[in-house]
Amino acid sequence: MDIDENPGPCDENQPTTQSQLVPKKGSHSVVWKYFGFKQEDEGQSGVICKVCFALVAAPQGNTTNLYQHLKRHHKVQYDEAAVQGKRSESRPKMQTSITDTLHNATPYPHNSSRSKEITEAIAYHLAKDMVPIYNVERDGFQKMIHTLDKRYSIPSRNYFSYVALPAMYKKVRTVVEAEVQQADYFSATTDLWSSRTMEPYMSLTVHFIAIDFTMKSKCLQTSFFPDDHKGEILAQGLKDALASWSLEEEKMACITTDNGSNIVKAISINNWTRLQCFGHRLHLAIENAMKDPRIDRVTGLCRKIVSTFSHSWLRRRNLAMVQKELKLPEHQLKTECPTRWGSRQEMIQRILEQLPAISQVLNDRKVRHLVPTWQDVEVLEAMNNTLSPLAEFTDALSGELYVSISSVKPVLHLFKTSVLAVQEDDAEFTKSIKSNILKYLQEKYSDPQTQDLLDMATTLDPRFKMNYISEEKKATVKARLTDEMTGITLAMPNASPAPPMKKGRKTLGSFFKAAQGNDDKSSSLEQAVSTELEAYLLTCNIDSEDDPLIWWRQNSNVYPRLSVLVKKYLCIPATSSPSERLFSTGGNIVTCHRASLKPEHVDRLVFLARNL
C-alpha cells in the first residue's frame, strides 16, 4: 500500500516556497521535477512535494509513490509528468524474458546470414580503405565490433587473408571482366613502378564507354614483374595481361603511356596505337624550357628555404606568428618533387605568397642570405605567371571518368594563341620560357599518327568537331571517318525469318540482276554514310562545358555509325594518370608496417581498392 501524508505543511519548519527545496542528486525521472528536499537534509531522506509541500514516503527513491501522490492530489502535474515521461498505466514496462536474454547472449552461427553480412562489411572496409588486415585482432577494433553487435564473433586475420578477401576478389573480378568484355572498344594505360621494398610491378588499366554512354575506368592488375624491363619482354607481358582477361587486341583503340624508351619499344613491337601522355610531355617541355642558370639559382634557393623551415620547429612557429601579424594565409611551405607534375610551380607560388613573412623570419644573420633578392623575385614571378595556367590544364586533362583526349588539340591551340603567346609587355626572360615550351610541344605533337588520332577524337566531340582542324586536313579526316563508318555493321531489329523458297534452276539474267543489286546496296550504303556524317557536322556545336557523352546518349539513334566510333576514340585518356594513381594506391598498401606483403596480395588489394 502506498504511503502518503496529507498535503499541507506538517509544522512551522516545513518549507513554504519551492526555492527552499533542492533537487534530488543524480535523478533521471521527470517526476522529480515536482519533488525536492530540505537544504539541511544531506541524506535526502525526506521527500517534499513542491506543490503542496507535503512529506511523501518514497523509500530508496521509489518513484511509484511520487506518481501516486501526483495522481491523487495534483491531476494537472500528473498528466504533465505522464506525457513527458511517456508513462502510461495501460502500457507498463515489461521486463526482458529469460528466453530473450539467453538469445541475445548466444553468438551468431558462422554460416548465418547476419554473420556473413558483417564479415563481408569488414572485408570491404579492409580492402576499400586499405587498412592492414591485422587490425581485426586489435583490441580497439574488437571492442567497437562487440559494442555494435555483441552476438558477432570476429574471424581471425588468416580468415580474411585467405578466405574473405580472395572470395571478394573473385566476385569483383567476375563483374569487371563481364563489363569489359561487353565493351565495343577499350583503351588502356600502363606503367612500371617499384614498391617500398624495391619489388617491380607493372600496372594496367582499361577505359571504355558503356552502352549507356558513361565512361568507365577499371584497374585490371598490378602484377609482379621481376624480369628485365626490356621492350621485347614488356611487349609479351602486356599481351599476356590482355589474354588473362580474355580481351581482344583488335578492340583496343589505343594505349596511353609515358615516354620511356622501353615501353615505347614494347608498344611498337605489338603494333598497337600509342598516345604519349600529355602530362609527361608537358612536364618535359617545361624542364626543357627551364634550362637557364637564373632558374637553377632560384629553384635551388627555394628548396633551401623550404628545407630551413622543415628542419626547425622554431622557425615554423615564428612563421605562423608572422603570418597572423601580416594577415597572410596560414599555409605551410611546399617542396618540389621531381616526378610530380606541377610541384615546382606549387613551391614557387607558395614562396611568393609567403615572401613577406619569410623575409621577416629569416632576418637572422645566419640565414639572411636565403632571403630572395629583387632579381630572384622577378625570375620567380615570371616562372609563376607562365607555369600557373599550364598546371591547371594538366589537372583538367588527367581525369579518367570523362572525355579528355578530344581536348588535347584545343588545348594546344589555346597555348599557341593565348596562354603561351608572347605579349609585347613580356620580359625577354618570359618570352624565352614561353617560346621554348611551345616549340617543344609543337615538335613532339607533329607526329602524323598522333595527329590523325587527335583529329578523329576532336571531330567526334560535339563541342569542337572540325574547329581545330586545318582546312587542308578536313577532307582527309572526312574520308577516314567515311571509310570507318562504311565498315560498321549495324544491328538490325529482330524480324521473323522469310519462308524458304523452292530452289529452281538459275537463268542467265539472274547473274546480271544479282550484280546490279550489289551495286545498288553499295551505292545506298555510301549515301547513308555521307548523309549521316554531313548531318552531324552541320549541327550546332554544344557548349564547351557540356558533357559530350550525354549528347551522344541522346543522339546515338540519329547517328548510329558515328556513335560506334565515339566509343572507339573518346574512351582514350589523354594522360597516363590512371596508372600513376595505382602507384599511390600501392604506396598506401605496401607501407613500412606491411613491407612483407606478397606480390599476389598486393595485386589483389590494389585491384579491390580501385574497383570496389
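Residues numbered from 1 in each chain as written. Predicted model: local features only at pLDDT ≥ 70, side-chain atom pairs only at ≥ 80, totals over all residues. Heavy atoms only, no water.

Visitor: For the overall build of the chain, give the residues involved together with the corresponding values.
Guide: A count of helical and extended segments in the chain gives 23 helices and nine strands. Considering the chain as a whole, with its 612 residues, one finds that 45% of them fall into the buried category. Put simply, 67% of the contacts in the chain that link residues at least 6 apart link residues at least 24 apart. When the accessible surface of the chain is totalled, it reaches about 34400 Å², and 51% of it is carbon and sulfur. (Helix = DSSP H or I, 4+ residues; strand = E, 2+ residues; numbered from the N terminus. Buried < 20%, exposed > 50% of the residue type's maximum accessible area, 1.4 Å probe, protein only. Contact = heavy atoms within 4.5 Å. Areas by Shrake-Rupley, 256 points an atom, 1.4 Å probe, with all protein chains shown as cover.)

Visitor: A description of the pattern of salt bridges should follow, citing residues and the corresponding values.
Guide: It is possible for side chains bearing opposite charge to pair when their charged atoms get close. Counting across every chain of the model gives 25 salt bridges. One salt bridge in this structure joins glutamate 471 and lysine 474, with 3.0 Å as the shortest N-O distance. With glutamate 471 and lysine 474 both in helix 18 (residues 471–486) and three residues apart, the pair spans about one turn of that helix. A relative accessible area of 59% places glutamate 471 in the exposed class. Three or more residues are tied together by salt bridges with common partners; here these are Glu287, Arg303, Glu336 and Arg344. (Salt bridge = Lys/Arg side-chain N within 4 Å of Asp/Glu carboxyl O.)

Visitor: Tell me what's going on with the sheet that holds strand 4 (residues 55–56), and back it up with residues and numbers.
Guide: With antiparallel pairing, the four strands of this open sheet are ordered in space as 1-2-3-4. Across the chains shown, the open sheet's two edge strands, defined by having one partner strand only, are strand 1 (21–22) and strand 4. Bridge analysis of strand 1 against strand 2 (residues 35–38) gives two bridges, and the strand direction is antiparallel. Looking across to strand 2, one finds that leucine 21 is bridged to lysine 38. (Pairing = 2+ DSSP bridges.)

Visitor: How would you explain unusual backbone geometry if you had to name every residue and give the values?
Guide: Phi at phenylalanine 213 takes a positive value of approximately 60°, unusual for a residue other than glycine. Inspection of the secondary structure puts phenylalanine 213 in the loop between strand 6 (200–209) and strand 7 (215–224). Residue class for phenylalanine 213 comes out buried when judged on its relative accessible area of 4%. Phi angles above zero are rare outside glycine, and asparagine 271 is one such case at about 60°. By secondary structure assignment, the location of asparagine 271 is in the loop between helix 8 (261–269) and strand 9 (274–276).

Visitor: Give a detailed account of the confidence of the model for the chain, specifying residues and quantitative values.
Guide: In low-pLDDT regions, the fine details of the predicted coordinates are not to be read closely. Residues of the chain with pLDDT of at least 70 account for 89%, and the chain-wide mean is 86. Between residues 1–12, whose pLDDT stays under 50, and residues either more than four places distant or in other chains, the model counts 22 contacts. Scored below 50 in pLDDT, residues 87–91 makes five contacts in the model with residues more than four places away or belonging to other chains. (pLDDT = per-residue confidence, 0-100.)

Visitor: If you had to explain the side chain of asparagine 65 to someone new, which residues and values would you point to?
Guide: Structurally, asparagine 65 can be placed in helix 1 (residues 63–73). Among the polar contacts listed, one links the side chain of asparagine 65 to the backbone oxygen of alanine 57, at a separation of 2.8 Å. (Polar contact = N/O pair within 3.5 Å; in protein donor to acceptor, adjacent residues only side chain to side chain.)

Visitor: Could you give an account of the packing of helix 14 (residues 374–396) against helix 16 (residues 428–444), with specific residues and numbers?
Guide: Orientation of helix 14 relative to helix 16, taken along the N-to-C sense of each, is 30°, at an axis distance of 9 Å. Taken as axis vectors, helix 14 and helix 16 run roughly parallel relative to one another. Of the two elements, helix 14 crosses helix 16, and the hand of that crossing is right-handed. Every residue of helix 16 that contacts helix 14 at Val379, Ala382, Met383, Thr386, Leu387 and Leu390 is listed here: Phe429, Thr430, Ile433, Lys434 and Ile437. Grouping the constituent residues of the contact of helix 14 with helix 16 by class yields eight nonpolar, two polar and one charged. (Axes fitted to C-alpha atoms, helices over the stretch in contact; angles between N-to-C directions. Parallel < 35°, antiparallel > 145°, perpendicular 65-115°, else oblique. Left-handed = near helix turned anticlockwise from the far one by under 90°. Nonpolar A, V, L, I, M, F, W, Y, C, P; charged D, E, K, R; others polar.)

Visitor: Can you lay out the nonpolar core for me, pointing to particular residues and giving the numbers?
Guide: Counting 83 residues, the largest nonpolar core has Phe278, Met383, Leu390, Phe415 and Ile437 as the members making the most contacts within it. No other element matches the seven residues that helix 10 (residues 293–310) contributes to this core. The next biggest cluster of nonpolar side chains, apart from the first, holds 55 residues, and it includes Ile133, Val136, Cys219 and Ile267. (Core = buried A, V, L, I, M, F, W, Y, C linked by side-chain atoms within 4.5 Å.)

Visitor: A description of the side chain of threonine 450 should follow, citing residues and the corresponding values.
Guide: The topology assignment puts threonine 450 in helix 17 (residues 448–459). The residues contacting threonine 450, other than those within four sequence positions of it, are Leu275, Gln276 and Tyr445.

Visitor: Could you give me a rundown of the pairing of strand 8 (residues 252–257), with the residues and numbers involved?
Guide: The buried count for strand 8 comes to six of six residues, which makes it a mostly enclosed element. Bridging between strand 5 (residues 186–194) and strand 8 involves four bridges; their strand directions are parallel. Pairing of phenylalanine 186 across the sheet is with methionine 252, part of strand 8. By the bridge criterion, three bridges tie strand 8 to strand 9 in an arrangement that is parallel. Note on strand 9: the bridge partner recorded for isoleucine 255 is arginine 274.

Visitor: Tell me about the pairing of strand 5, and please be specific about residues and values.
Guide: Across the nine residues of strand 5, seven count as buried, placing the element largely inside the fold. In the sheet, strand 5 pairs with strand 6 via eight bridges, with the strands oriented antiparallel. Residue pairing across strands places serine 194 opposite proline 200, the latter belonging to strand 6. Where strand 5 hands over to strand 6, the hairpin turn is made up of five residues, of which methionine 198 adopts a positive phi near 65°.

Visitor: Before we move on, can you summarise the sheet that holds strand 7 with the specific residues and values?
Guide: The sheet built from five strands is open, its strands ordered 7-6-5-8-9 with mixed pairing. The sheet is open, and its two borders are formed by strand 7 and strand 9, each paired with just one other strand. Averaged over all pairs of adjacent strands, the angle between their axes in this sheet comes to 25°, without regard to strand direction.

Visitor: Go over a negative patch on the surface with me, naming the residues and quoting the values.
Guide: Together, Asp543, Glu545, Asp546 and Asp547 give the surface a local cluster of negative charge. Examined against the element boundaries, aspartate 543 turns out to sit in the loop between helix 19 (508–538) and helix 20 (548–555). Looking at aspartate 543, the relative accessible area reads 46%, which means it is partly exposed. (Patch = residues over 30% accessible without salt bridge, like charges linked within 9 Å, V, L, I, M, F, W, Y side chains within 5 Å. Lys, Arg positive; Asp, Glu negative; His and termini not counted. Charge placed at Lys NZ, Arg CZ, Asp CG, Glu CD.)

Visitor: For the packing of aromatic side chains, give the residues involved together with the corresponding values.
Guide: Within the structure shown, the criterion is met by 18 aromatic pairs. Summarising the aromatic geometry, the rings of tryptophan 193 and tyrosine 201 are spaced 5.3 Å apart at their centres and angled 20° between planes, so their arrangement reads as stacked. Both residues of the pair, tryptophan 193 and tyrosine 201, belong to the buried class. Taken together, the aromatic side chains of Trp193, Tyr201, Phe224 and Phe583 make up a single cluster linked through ring pairs. A cation over an aromatic ring shows up here: arginine 173 above the ring of tryptophan 245, its NZ or CZ 3.9 Å from the ring centre. (Phe/Tyr/Trp six-rings, centres within 6.5 Å; stacked < 30°, edge-to-face > 60°. Lys NZ or Arg CZ within 6 Å of the ring centre and 35° of its normal.)

Visitor: Explain helix 20 to me, and be specific about the residues and the numbers.
Guide: Within helix 20, burial applies to Pro548, Leu549, Trp551, Trp552 and Asn555. Relative to the axis of helix 20, the buried residues are bounded by an arc of 155° and lie together on one face. Measuring from the side-chain oxygen of the N-cap residue of helix 20 to the backbone nitrogen of leucine 549 gives 3.0 Å; that N-cap residue is aspartate 547. (Arc of directions from axis to C-beta.)

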